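Chain and residue survey
Take a look at the letters that make up each chain.
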Amino acid sequence: PPGAAWWKEAVVYQVYPRSFNDTNGDGIGDLNGITAKLDYLKTLGVDVIWLSPHFDSPNADNGYDIRDYRKVMAEFGSMDDFDRMLAEMKKRGMRLIIDLVVNHSSDEHQWFVESRKSKDNPYRDYYIWRDGKDGGAPNNYPSFFGGSAWEKDEATGQYYLHYFARKQPDLNWENPKVRNEVYDTMRFWLDKGVSGFRMDVIPFISKQNGLSDLPADKLAHPEFVYANGPRVHDYLQEMNREVLSRYDTMTVGEAFGVTFEQAPLFTDARRKELNMIFHFDIVRLDRDGWRKKDWTLPQLKAAYAQIDRTGGTHGWNTSFLTNHDNPRSVSHFGDDSPEWRAVSAKALATMMLTQRGTPFLYQGDELGMTNYPFRGIEDYNDVEVKGQWHDFVESGKVPAEEYLSHLRQTSRDNARTPMQWSAAPNGGFTSGKPWLAVNPNYTRINAASQVEDAGSVYHHYRRLMEVRRQTPALIHGEFRDLDPANPKVFAYTRTLDDKRYLVLINFTRETVVYGLPEGLKIAATVLDNGAAQQPVQPGAASVSLQPWQATIYEL
Ligand code: ISL
């Protein structure tokens, strides 16, 4: 509708800079590499780029451990490169949001270097220090990357808290100085012209009063405790008042550990906190930690319906099928065998871009890039894998083969392999040795060949974005699942005033005849993913859906 916020109508593309495009041959992507591909992204239809952390970092967690919040990571380039990249985006009418990683910093950040020196250092209270208990850690909190969330520091004999790796100490948000440092950093980047932030594990910034032990039933999923600190909403409202409300921004919080019921507390516009959050319920539908579980289409639909409800009248959602922490979407929810890969990737694209919520597309998904054919543990780079290998396999709790068979499907490294630009060596990502192996299927799956081919996954994404841009009902319209229990077909309508659209997606390798509900009459086909064999007759009572067919109809 007229006057709607720009970020509701935008399509966001996530760039994981390390793996995007290397222009200096060091095997690591860089900011100049992003600038060089802006025309590619513009042609695709991208409005906003979310850049995963580009700050100075020792890379214990690929930049999610920041040493200096105002400096560009040397491997990625310089501040001049950043300014040029941003100016080139603006020239093309694109915006940039950056990653705000402020639940923790790197242990090499100057604040922590000072903090650990002594108990009376002026920076001591920038982090969370406690005495040990009974000769061990202060409590039983586990770290997501293995072992305890506490590390004993020799200088003072106290422990510091780290929800993630040891090299990622948690900041103490109770300290107003810390909050002001964060707000200053945000202003620094906003004043440069960035348009907002993706906020890393933002619900975790407020710690539980007293930091008592987790009960046994919470130990496997500590995120539900970590995300429920008593002051998280105070902090976000303060951040909004002090910073966000003074700029024209968009914000999206990574809501790890936030339930459907709690989501509106973050995103209800009247509360003045965040614009949107990332729910984990789709990407982690079939997961228990590193374990892969089975999933069914009705479960997926139920998650979508619930997410849509949490948006409500006053909130707004995101729509995404992967990111740098999850497997490739076609390998996860589609069918990545050679025969079905392209068509199922297009079907998923149709689903993602016709949800009510701002779509976040992850680099390479527009090509239908797949999971990597990992073999042994030595093929992985991720800090999380190293911690889990230690905790589960080396401890003897889980046989190596069992862990590896799940990890092949769940590893974060699946999405982190370099972009496949062309059939040139290393997929055209680098002229050097890539930091993480390129998927050998780059000779078949790459941007150069798909840009040339009007029937490619790339062009389907491009057409979908165009249709979405021109169809307010597909952005703002009410979402209704017509057949939640159907195990093969996802059928839903999007309705705005007198405009009504129907989306039908066949999630199987078979032809499925889908009977349309009484009173529902197809008027025209808006966009098909190339699977449909013949146009539906206006007014037909049923549609014969080809394998992985996904079609948007006007009603
Ligand atoms: O990906 C996960 C497990 O496989 C999650 O537990 C993930 O760590 C969690 O979603 C938080 O993710 C974010 O913060 C982490 C960083 O490693 C991730 O890359 C980031 O997206 C710590 O900063």
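Refer to the structure printed above.
Here's what I pulled together on the structure shown here.

About the cut-offs
- Residues numbered from 1 in each chain as written.
- Predicted model: local features only at pLDDT ≥ 70, side-chain atom pairs only at ≥ 80, totals over all residues.
- Heavy atoms only, no water.
- 1 Å grid on protein atoms, 1.4 Å probe; cavity = no way out; pocket = protein on both sides within 12 Å on 5 of 7 lines; lining within 4 Å.
- Points joined across faces, edges and corners; volume = space filled by probe spheres on them.
- Nonpolar A, V, L, I, M, F, W, Y, C, P; charged D, E, K, R; others polar.
- Pairing = 2+ DSSP bridges.
- Helix = DSSP H or I, 4+ residues; strand = E, 2+ residues; numbered from the N terminus.
- Near = heavy atom within 4 Å.
- Polar contact = N/O pair within 3.5 Å; in protein donor to acceptor, adjacent residues only side chain to side chain.
- Areas by Shrake-Rupley, 256 points an atom, 1.4 Å probe, with all protein chains shown as cover.
- Sits in = over half its atoms within 2 Å of the grid points.
- Phe/Tyr/Trp six-rings, centres within 6.5 Å; stacked < 30°, edge-to-face > 60°.
- Buried < 20%, exposed > 50% of the residue type's maximum accessible area, 1.4 Å probe, protein only.
- Salt bridge = Lys/Arg side-chain N within 4 Å of Asp/Glu carboxyl O.

Once that is clear, we can look at the layout of surface pockets. A volume near 1300 Å³ is recorded for the largest pocket. Lining the largest pocket are 47 residues; nearest its centre among them are Phe144, His221, Glu223, Phe256 and Gly289. A breakdown of the residues in the lining of the largest pocket according to their chemical character gives 18 nonpolar, 13 polar and 16 charged.

All right, on to the sheet that holds strand β15 (residues 358–362) then. Strand order in the open sheet formed by eight strands is β11-β10-β9-β5-β2-β1-β15-β14, with parallel pairing between adjacent strands. Two strands lie at the open edges of the sheet, namely β11 (276–278) and β14 (318–319), each paired on one side alone. Relative to strand β5 (residues 95–100), strand β2 (residues 48–51) is paired through four bridges, and the arrangement is parallel. Each bridged residue has a counterpart across the sheet, and for leucine 51 the counterpart in β5 is isoleucine 98.

Another point: the site of the ligand. As a structural note, the neighbourhood of the ligand is formed by 18 residues, with Asp61, Asp200, Glu254, Asp325 and Glu384 the closest of them. The separation between an oxygen atom of the ligand and a polar side-chain atom of aspartate 200 is 2.8 Å. Within the side chain of arginine 412, one N or O atom sits 3.1 Å away from an oxygen atom of the ligand. For the ligand, whose accessible area on its own is 500 Å², the fraction buried by protein is 97%. Assessed atom by atom at 2 Å from the grid points, the ligand resides in the largest pocket. Among the residues forming the shell around the ligand, the class breakdown is six nonpolar, three polar and nine charged.

The next point concerns the packing of aromatic side chains. This structure, assessed with the given rule, holds 43 aromatic pairs. Between the aromatic rings of phenylalanine 144 and tyrosine 226, the centroid separation amounts to 5.7 Å while the plane-to-plane angle is 85°, which identifies the pairing as edge-to-face. Highlighted residues: phenylalanine 144 in the loop between β6 (129–130) and β7 (150–152) and tyrosine 226 in helix α7 (residues 223–226), separated in sequence by 82 residues. Classification of phenylalanine 144 by relative accessible area gives buried; the value is 15%. What makes tyrosine 226 buried here is its relative accessible area of 1%. Relative to tyrosine 492, the ring of phenylalanine 490 lies with its centre 4.7 Å away and its plane at 55°, an arrangement referred to as tilted.

Take the sheet that holds β7 next. If you walk across this open sheet you meet the three strands as β6-β8-β7, and the pairing is antiparallel. The two strands at the open ends of the sheet, each matched to only one other strand, are β6 and β7. Bridging between β6 and strand β8 (residues 159–161) involves two bridges; their strand directions are antiparallel. Residue pairing across strands places arginine 130 opposite tyrosine 159, the latter belonging to β8.

Moving on, we get to the pairing of strand β9 (residues 196–199). Here β9 shows no split at all, with Gly196 and Arg198 on one side and Phe197 and Met199 on the other all buried. For β9 and strand β10 (residues 250–254), the ladder comprises four bridges, and the chain directions are parallel. Along β10, the bridge assignment pairs arginine 198 with valine 252.

Glancing now at empty space enclosed by the protein. On inspection of all chains with the given rule, the structure shows seven cavities of 30 Å³ or more. Taken as a whole, the largest cavity spans an internal volume of roughly 120 Å³. Every residue along the wall of the largest cavity is listed here: His279, Ile282, Tyr304, Ile307, Asp308, Asn317, Thr318, Ser319, Phe320, Gln355, Arg356 and Phe479. Counting residues per element, the ones that place at least two in the lining of the largest cavity are α10 (297–311) and β14.

The tally for this structure, following the rule as stated, stands at 42 salt bridges. A salt bridge links aspartate 56 to arginine 67; the nearest nitrogen and oxygen atoms lie 3.0 Å apart. Here aspartate 56 is found in strand β3 (residues 55–56), whereas its partner arginine 67 is found in the loop between β3 and β4 (68–72), with 11 residues between them in sequence. The class for arginine 67 is partly exposed, based on a relative accessible area of 27%. The shortest N-O distance in the salt bridge between arginine 412 and aspartate 382 comes to 2.7 Å. One end of the pair, arginine 412, is in the loop between α14 (400–410) and α15 (447–452); the other, aspartate 382, is in the loop between β15 and α13 (383–394), with 30 residues separating them in the sequence. Since its relative accessible area comes to 1%, aspartate 382 is described here as buried. Each member of the salt-bridge network shares a partner with another, and the members are Asp61, Asp325, Asp382, Glu384, Arg412 and Arg416.

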